[in-house]
Amino acid sequence: MRMLDLTLHPHRRFNPLNRSWVLVSPHRTDRPWQGQVERTAQPAQPPYDPDCYLCPGNSRAGGVRNPAYSGTFVFDNDFAALLPATAPERQDRAGLFIAEAEPGICRVACFSPRHDLTVSRMTVPDLDLVVDTWAGQYAELGRMPFVQHVQIFENRGAMMGASNPHPHCQIWASGSVPTEAAAEQSAQMDYRAARGSCLLCDYLALERESGERLVCENESFAALVPFWAVWPFETIVIGKRHLTGMDEFGDTERRGLADILKRATTRYDNIFEVPFPYTMGFHQRPTDGQPHPEWHFHAHFYPPLLRSATIRKFMVGFEMLGMPQRDITAESAAARLRALPEVHYQQR
Ligand SMILES: [Zn+2]
Ligand SMILES: [Zn+2]
Ligand SMILES: [Zn+2]
């Protein structure tokens, strides 16, 4: 028997954060990477679009008019998936038909009045304002008595179902901790109980030692392709200090987060020289009033693209019925991201 070689042999990798597995099949990428750029024609966006419901001064559903905002702008989603006045009730029939009311608030946060910008092409000072807005919303919504968890996320690109190119994110505050955050919470809690240290602090120390999956870093954050990545160019952004949520950030972390998000998304856009689609979001301490020392603030980027601007990964077949699978290893994806310049291809 040969030794298991993670660059050659099919194997599965464990995600200690949500305790799931991913199948890795590196032998399927024996053929050399072609690296060709299939640039698809991107319709150039105007700085202001009279038909955009997020641009300053425009009207939204129901005739509400946006203010002539100049920085960030937050409003309650006109088509909210959650409603605050939902009465608390639980139904349980034979332990098989279980339903619980879910009160909550859904907001939209515009990053900029400029319709044509993306995180990758905004300036760090402008992104600082976005980070301040996120931290403010996390604190404000988290203080509401029925809010146990605040999920901030950005869906970017038509491929990810984002209907509007205007740079914005969504903020969903809910009365329960959602499935993914709950799984990561119990894993972090168990790790802390078993070892007396933090899962992501320990993990980041080992990743920085080896460097093989690191993409970029600054004083406060490191961006890397996690060992257990599912999406081809998935990354995780981990804080270097053990902070449980954005409300614990100092100026260094706020600026550091703005900087690392700009650099990571610029690298993404530079892979295929197109605005890279992704879902990005933060995982942090639930707002249930408990201290949650086990939580370590981080961000996930889940981008779908695989081989070109048009060839995406699908989660189908074995992935729906068995477990996720990938061909290019986390290490080769990280090497590719690391080799890219941090100057945006449109600004070179
Ligand atoms: Zn717009
Ligand atoms: Zn930690
Ligand atoms: Zn997470």
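Shown above is the structure to which this text applies.
All residue numbers refer to position in the chain's written sequence, counted from 1. Labels follow written order: the first chain is A, the first ligand is 1, and so on. Restriction of local features to residues with pLDDT of at least 70 applies here, the model being predicted, together with a cutoff of 80 or more for giving and counting side-chain atom pairs; totals for whole chains, interfaces and linings are based on all residues. Neither water nor hydrogens contribute to the side-chain values; these are computed over all heavy atoms in the structure.

Asks: How would you sum up the pattern of salt bridges? Please name residues and give values.
Replies: For this document, the term salt bridge refers to a Lys or Arg side-chain nitrogen within 4 Å of an Asp or Glu carboxyl oxygen. Considering all chains together, one arrives at 25 salt bridges under this definition. Of the charged contacts in the structure, one is a salt bridge between Glu-217 and Arg-208, with a shortest N-O distance of 2.9 Å. Among the salt bridges present, the one from Arg-213 reaches Glu-331, with a minimum N-O distance of 2.6 Å. Pair noted here: Arg-213 is in the loop between helix H3 (199–210) and strand E9 (214–217) and Glu-331 is in helix H6 (residues 330–339), with a separation of 118 residues, a long-range link. For each residue, the accessible area found with a 1.4 Å probe, counting protein chains only, is set against the maximum for its type, and the residue is called buried under 20%, exposed over 50%, and partly exposed in between. By relative accessible area, Glu-331 is classed as buried at 16%. Among the ionic contacts, a cluster of salt bridges with common partners joins Arg-13, Glu-207, Glu-212, Arg-213 and Glu-331. Secondary structure is summarised from DSSP: a helix means a run of H or I of at least four residues, a strand means a run of E of at least two, and numbering begins at the N terminus for each.

Asks: Which residues make up the pairing of strand E6 (residues 104–110), and what values do they have?
Replies: Taking burial as the measure, the seven residues of E6 include seven buried ones, the bulk of the element. Of the two faces of E6, the one carrying Gly-104, Cys-106, Val-108 and Cys-110 and the one carrying Ile-105, Arg-107 and Ala-109 are both buried. Of the strand pairs in this sheet, strand E3 (residues 73–76) and E6 are connected by four bridges, and their pairing is antiparallel. Looking at E6, one finds that Phe-75 is bridged to Val-108. Where E6 meets strand E8 (residues 168–174), seven bridges bridge the pair, whose relative direction is antiparallel. Along E8, the bridge assignment pairs Gly-104 with Ser-174. Between any two strands, pairing holds if DSSP finds at least two bridges.

Fair warning: the whole summary comes from geometry, so function is off the table for now.
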